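Below, each chain spelled out in residue letters.
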Amino acid sequence: MLVGVSSSPETTRKMVEEYLEELAFLADTAGAEVVTRSIQERKVIDPAWFLGKGKVEELGHIIEGAEIDLVIFDEELSPVQARNLEKAFECKVLDRTELILQIFAVRAKSSQAKMQVELAQLEYLLPRLTRLWTHLSKQKGGIGTKGPGETQIETDRRLVRNRISILKKKLAGIARQHDIQTRDRQGTPRVALVGYTNAGKSTLMNALCPNAGAYAEDRLFATLDTRTRRLQLKLNKTVLLSDTVGFIRKLPHRLVECFRSTLDEVLQADFLLHIIDASHPGFEEQVQVVRQTLQEIGVRHANIIEVFNKIDAIEDPAALRSLSLRYPEAICISAARGLNLNALRHAVSDYVARDYRERTLRVHVADYHLISYLYEHAEVLDRRQEDEDVVITYRAHQNRLPDIDTRIKALDEGASNVA
Ligand SMILES: Nc1nc2c(ncn2[C@@H]2O[C@H](COP(=O)(O)OP(=O)(O)OP(=O)(O)O)[C@@H](O)[C@H]2O)c(=O)[nH]1
Ligand SMILES: [Mg+2]
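Residues numbered from 1 in each chain as written. Chains lettered and ligands numbered in written order. Predicted model: local features only at pLDDT ≥ 70, side-chain atom pairs only at ≥ 80, totals over all residues.

## Structural notes on the sheet that holds strand E7 (residues 237-243)
Then step 1. An order of E6-E7-E5-E8-E9-E10 is seen for the six strands of this open sheet, with the pairing classed as mixed. Whereas interior strands pair on both sides, the edge strands pair on one side only; in this sheet they are strand E6 (227-234) and strand E10 (331-332).
Then step 2. The pairing of strand E5 (residues 190-195) with strand E8 (residues 271-277) spans five bridges and is classified as parallel. Residue pairing for E8: Leu-193 is matched across the bridge by Leu-273. (Pairing = 2+ DSSP bridges. Helix = DSSP H or I, 4+ residues; strand = E, 2+ residues; numbered from the N terminus.)

Here you go:
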């Protein structure tokens, strides 16, 4: 049974229905079969039961009658509420975050992803232990009262904290290893694919980079590992494209932070491609969620290209037109059908070109090593012969210029920069 709550006038019933649709998708991904959904309108949340006592009894009858063995709330439950509800319903009760963590745990494949998920689970558990402890100490007459319950929880908290710090250390080690591996990539502009889960990021990665081999599926959180591939744009213009873990509504950003590899790719990227599932009825809210999450994890720049994906799945041509009217800057594509991908490549090219600088170099004709180096590593725009010299005008990304300059120096001490 899925339970959604509309608690404020801003969340209309239709919105709650959409949220439950997403929760059903999550439940399905986790392997649960949805039997029934229930939407409650409540202004006040009961601290002990979340719902009203009468409602709990009513739902209890339905649960018994339909032999339901799992109830999932779309809202975060306090440990007390979860415990009370489990007792009343005589079955397992999960909240949204726990369900997402469950999915992460089942889907994590690499050891890094597994550790990241465990860290996320423990980070989720820790404040709940604190809350439980506060709750118990209140019952016993205020903070500071020593009791067996408190001692047990303090021990648990210490164990959890220890494990968290071990995991953080191990993950930092992996991150350092990763930095070493990507050091030679420095200088190449980096682009990260970001977006709501299931928007089509991995499908786009596969469509743009042959042999990318990214796992794409009609499931939430198909990707839990980042992967980076070289995307060839034009001659000597490449960017590094990274696929990342999707975002979702009401995912505490602390949990996103546990996915350090995703966070790093997003924060180190020169710019982001925000992939949006334009065929989803709630895509505008998803756009807001992604923008919000990016802010929360510390993306301060506005180097973001918005890409509307799955346009092949929009049946109404008027809807497509209004989309391009409302978002004139955005690019509409279909990653699955390969529609309009060239326009996207051009947009990325143009974006990267803004950071390209032009240089002119005069070299001796016999310096063919240097000349061919420039052809290989920069975009040669012009080449003139003047007596014994060749004057080459080339263009390269500003991040790559220091490298190129060093190589030029090493290859030919005599070469002189004209401009
Ligand atoms: N109709 C249509 N479906 C698409 C398109 N692009 C992707 N899909 C489908 O959307 C589903 C999700 O695609 P993914 O590429 O796994 O999405 P993702 O953004 O990587 O998702 P996560 O890794 O789960 O965050 C898959 O079933 C894809 O086949 C498209 O252009 N049109
Ligand atoms: Mg993916």
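## With respect to the pairing of E7
It is a general feature of regular strands that their side chains alternate between the two faces of the sheet.
Then step 1. Burial analysis of E7 places six of its seven residues in the buried class, the great majority of the element.
Then step 2. Looking at chain direction, E5 and E7 are connected through four bridges and run parallel. Across the sheet, residue Leu-193 finds its bridge partner in E7, namely Asp-243.
Then step 3. One ladder, built from seven bridges, connects E6 with E7; its direction is antiparallel. Note on E7: the bridge partner recorded for Thr-228 is Ser-242. (Buried ≥ 20, exposed ≤ 12 C-beta atoms within 10 Å, placed from the backbone.)

## Examining the site of ligand 1
Then step 1. Close to ligand 1 lie 24 residues, the nearest being Gly-200, Ser-202, Asp-218, Thr-223 and Gly-246.
Then step 2. Here the element with the most residues in the shell around ligand 1 is helix H7 (residues 201-208); it accounts for three residues.
Then step 3. Across the shell around ligand 1, the residue classes break down as eight nonpolar, 10 polar and six charged. (Near = placed C-beta within 6 Å. Nonpolar A, V, L, I, M, F, W, Y, C, P; charged D, E, K, R; others polar.)

## Overview of H7
Then step 1. In terms of burial, H7 is largely enclosed, as eight of its eight residues are buried.
Then step 2. Contacts from the buried residues of H7 go to E5, E6, E7, E8, strand E9 (304-309) and helix H12 (341-353). (Contact = placed C-beta atoms within 7 Å.)

## Considerations on the environment of Arg-384
Then step 1. Here Arg-384 is to be found in strand E12 (residues 379-386).
Then step 2. By C-beta crowding, Arg-384 is classed as exposed, having 11 other C-beta atoms within 10 Å.
Then step 3. Considered as a pair, Arg-384 and Arg-362 are 22 residues apart in the sequence and their alpha carbons are 9.4 Å apart.

## Comments concerning the UniProt feature "binding site: Mg(2+)" (unreviewed entry) in the protein
Then step 1. Following the UniProt record, the feature "binding site: Mg(2+)" (unreviewed entry) maps to Ser-202 and Thr-223 here. For the residues just named, distributed over 22 residues, the greatest C-alpha separation is only 7.6 Å, placing them together at one site.
Then step 2. Relative to the elements of secondary structure, Ser-202 occurs in helix H7.
Then step 3. With respect to the helices, strands and loops of the structure, Thr-223 is situated in the loop between H7 and E6.
Then step 4. Contacts of Thr-223, omitting those with residues within four sequence positions, involve Lys-201, Ser-202, Tyr-215, Asp-243, Val-245 and Gly-246. (UniProt positions renumbered as here; feature names shortened; annotations may be inferred.)

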